[in-house]
Amino acid sequence: MNAELQQKLEAAIKSARPLDEIVALLRHYKEQGITQGEVYSFLEALHQRAPDEATDDRILEVADFVAGSCASHMKIWAGENGETALGGQRG
């Protein structure tokens, strides 16, 4: 995943964009050949340097969509669910 795509995703996460728009962006990335693992690795790095709790929560929400831990209509990489939740259990 190149730096430009990383910057776009980070900006989308930090903005007030609705989650369905972020999912649409990620589906576009998938169509471009970006793998689930690439996006998830980027989100792990972003999670580690989240500036505040609200941003971190948003990163974790997006990671759930990438990992497939969401409603079936929101899954991006259907059938490729091999990732675990960032930062362990949430609750």
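That block above? That's the structure.
Description of the structure in this document. (Residues numbered from 1 in each chain as written. Predicted model: local features only at pLDDT ≥ 70, side-chain atom pairs only at ≥ 80, totals over all residues. Heavy atoms only, no water.)

Quick notes on a negative patch on the surface
- Together, D52, E53, D57 and E61 make up a region of like negative charge exposed at the surface.
- Its place among the elements puts E61 in helix 4 (residues 53-67). (Patch = residues over 30% accessible without salt bridge, like charges linked within 9 Å, V, L, I, M, F, W, Y side chains within 5 Å. Areas by Shrake-Rupley, 256 points an atom, 1.4 Å probe, with all protein chains shown as cover. Salt bridge = Lys/Arg side-chain N within 4 Å of Asp/Glu carboxyl O. Lys, Arg positive; Asp, Glu negative; His and termini not counted. Charge placed at Lys NZ, Arg CZ, Asp CG, Glu CD. Helix = DSSP H or I, 4+ residues; strand = E, 2+ residues; numbered from the N terminus.)

As for helix 4
- End to end, helix 4 covers 21 Å across 15 residues, agreeing with the expected 21 Å (1.5 Å per residue, within 8%).
- Within the sequence span of helix 4, burial applies to T55, D56, R58, I59, L60, V62, A63, F65, V66 and A67.
- Elements in contact with the buried residues of helix 4: helix 1 (3-14), helix 2 (19-31) and helix 3 (36-48).
- The N-cap of helix 4, judged by a side-chain oxygen 3.2 Å from the amide nitrogen of A54 a few residues on, is D52. (Expected span 1.5 Å × (residues − 1). Buried < 20%, exposed > 50% of the residue type's maximum accessible area, 1.4 Å probe, protein only. Contact = heavy atoms within 4.5 Å. Polar contact = N/O pair within 3.5 Å; in protein donor to acceptor, adjacent residues only side chain to side chain.)

Overview of the nonpolar core
- Counting residues in each nonpolar core, the largest one holds 25 residues, and the members touching the most others are M1, L9, L26, Y29, V39 and L43.
- Counting residues per element, the ones that place at least two in this core are helix 1, helix 2, helix 3 and helix 4.
- It is helix 4 that provides the largest number of residues to this core, a total of six residues. (Core = buried A, V, L, I, M, F, W, Y, C linked by side-chain atoms within 4.5 Å.)

Considerations on the environment of A63
- By the element assignment, A63 lies in helix 4.
- A63 gets classed as buried once you look at its relative accessible area, which sits at 1%.
- Considering only alpha carbons, one finds A63 and H47, 16 residues apart in sequence, at a separation of 9.4 Å.

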